[in-house]
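Per-entry structural report
So the chains spell out like this:
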Amino acid sequence: MKAGSGEGAHFVLFGGERIEFRLRRTDRRTLAITVQPDLGVLVTAPEKAAMATVLEKVRKRAGWIRRQQRFFREFLPQTPPRQYVSGETHRYLGRQYRLKVVKAEESSVKLVGRFIWVHAPNKHDRVRVRKLVEAWYLAHAKERFARSFTECGARLGTRLASPARMQLRRMPKRWGSWTRRGVIYLNPELIKSPGSCIDYVVTHELCHLVHGHHGPAFYALLSRAMPDWEQRKQRLEREGAETGCPAAPCGGRGPR
Ligand SMILES: [Zn+2]
């Protein structure tokens, strides 16, 4: 490899997050950045361009790269339909667990180590296994979201005008939403994301009970309650890409 070539994998940091890219040297005279449909980033740079210059250019285009990736993400194939058989991986609180379906008289679902154990009278009855797993997710979502709701609500404290209530609701394109009557709806799918992301969505929605818009006052409040909300939001977007879930707390009406 030529000195200073640096062809291969690199990354820059943007908003506390890594933007990975592949560098290719060419005899062209200008540097070009391409985001590919699989979300990969390819940088072609002149042979002579210094590595520091390449990194600086990528950093400058980071916002654009993220926007392109968001655009392409919409077209990526969704997670394949779940089969509910042993060996399949399922996400819970941001981690992968393997399903283990075993025959037992009593139906139950338990998390042990890196496994989700499902006990069912007939382990080949996928509909039954799916229902058991879904009920387990739902129960854990209720519990985890309630905790988040209490803790994040306490952080906002007296700024919340009215006592808020939390309910679960399946929403195809939103992680959460809110009503003027003080009800926060949370998407039960959110239980598959890390706890820090759940807290972010809850805090975001709670802030809407104070400011019913996405204006500067809203973001000032959100930043006071949760200074690192942007990193959490980005993490949630990555999770969404992996699970094929929606990627915004309020249906994508967040800031660009
Ligand atoms: Zn919002």
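Computed from a prediction, not measured in an experiment: that's the story for all the values here.

Using the criterion set out here, one finds 11 salt bridges in the structure. The closest approach of N and O atoms between Arg 59 and Glu 56, which form a salt bridge, is 3.2 Å. Separated by three residues within a single helix, Arg 59 and Glu 56 lie in helix 1 (residues 51-60), roughly one turn from each other. Arg 59 gets classed as partly exposed once you look at its relative accessible area, which sits at 38%. Take Glu 56: its relative accessible area is 37%, and that puts it in the partly exposed class. Arg 130 is the partner of Glu 134 in a salt bridge, and the nearest nitrogen-oxygen pair spans 3.5 Å. Taken together, the residues span about one helical turn, with Glu 134 and Arg 130 both in helix 3 (residues 126-156) at a distance of four residues.

The biggest cluster of nonpolar side chains holds 41 residues, and the ones touching the most others in it are Ile 116, Val 118, Leu 190 and Leu 206. Of all the elements in the fold, those that place two or more residues in this core are strand 6 (95-103), strand 8 (115-120), helix 3, strand 11 (183-186), helix 4 (195-208), helix 5 (216-225) and helix 6 (229-243). A total of 10 residues in this core trace back to one element, the largest contributor, which is helix 3. When neighbours within four sequence positions are excluded, Leu 190 is seen to be in contact with Phe 145, Trp 175, Ile 198, Val 201 and Leu 236. Ranked by size, the runner-up nonpolar core spans 16 residues in total, among them Ile 19, Phe 21, Leu 39 and Val 58.

It is worth spelling out the sheet that holds strand 7 (residues 108-112) at this point. With mixed pairing, the four strands of this open sheet are ordered in space as 5-6-8-7. Of all the strands in the sheet, the pair left with one neighbour each is strand 5 (89-92) and strand 7. Averaged over all adjacent pairs, the angle separating strand axes in this sheet is 35°, with direction ignored. The pairing of strand 7 with strand 8 spans five bridges and is antiparallel. Residue pairing across strands places Val 109 opposite Val 118, the latter belonging to strand 8. Its contacts with the sheet place helix 3 against strand 5, strand 6, strand 7 and strand 8, and it is angled at close to 125° to strand 8.

Bringing the packing of helix 4 against helix 5 into the picture now. Where helix 4 meets helix 5, the closest approach of the two axes is 10 Å, and the angle between their N-to-C directions is 135°. The orientation of helix 4 relative to helix 5 falls into the category oblique. The two elements helix 4 and helix 5 cross, and the hand of that crossing is right-handed. Seen from helix 4, the contacting residues are Tyr 200, Thr 203, His 204, Cys 207 and His 208; seen from helix 5, they are Phe 218, Leu 221, Leu 222 and Ala 225. Taken together, the residues of the contact of helix 4 with helix 5 sort by class into six nonpolar, three polar and no charged.

Turning next to the sheet that holds strand 11. Sheet architecture is open: three strands sit in the order 9-11-10, paired in mixed fashion. Among the strands making up the open sheet, the edge pair consists of strand 9 (165-168) and strand 10 (176-178). With strand direction ignored, the average angle separating the axes of adjacent strands in the sheet is 20°. With three bridges connecting them, strand 10 and strand 11 associate as antiparallel partners. The residue of strand 11 that forms the bridge with Gly 176 is Leu 186. The strands touched by helix 3 are strand 9 and strand 11; relative to strand 9, the strand with the most contacts, the crossing angle is about 155°. This element, helix 4, spans strand 10 and strand 11 of the sheet and lies at about 15° to strand 10.

When pLDDT is averaged along the chain, the result is 87; 90% of the residues meet or exceed 70. Every residue in residues 251-256 is under pLDDT 50, and counting partners more than four places away or in other chains gives 10 contacts.

Bringing the pairing of strand 11 into the picture now. Taking every second residue as pointing to the same face, both faces of strand 11 are buried, with Val 183 and Tyr 185 on one and Ile 184 and Leu 186 on the other. Pairing of strand 9 with strand 11, which is carried by four bridges, proceeds in the parallel orientation. What sits directly across from Gln 167, in strand 11, is Tyr 185. Between strand 10 and strand 11, which pair antiparallel and follow one another directly, the connecting turn spans four residues, one of which, Gly 182, has a positive phi of 90°.

Conventions we followed
- Residues numbered from 1 in each chain as written.
- Predicted model: local features only at pLDDT ≥ 70, side-chain atom pairs only at ≥ 80, totals over all residues.
- Heavy atoms only, no water.
- Salt bridge = Lys/Arg side-chain N within 4 Å of Asp/Glu carboxyl O.
- Helix = DSSP H or I, 4+ residues; strand = E, 2+ residues; numbered from the N terminus.
- Buried < 20%, exposed > 50% of the residue type's maximum accessible area, 1.4 Å probe, protein only.
- Core = buried A, V, L, I, M, F, W, Y, C linked by side-chain atoms within 4.5 Å.
- Contact = heavy atoms within 4.5 Å.
- Pairing = 2+ DSSP bridges.
- Axes fitted to C-alpha atoms, helices over the stretch in contact; angles between N-to-C directions.
- Parallel < 35°, antiparallel > 145°, perpendicular 65-115°, else oblique.
- Left-handed = near helix turned anticlockwise from the far one by under 90°.
- Nonpolar A, V, L, I, M, F, W, Y, C, P; charged D, E, K, R; others polar.
- pLDDT = per-residue confidence, 0-100.

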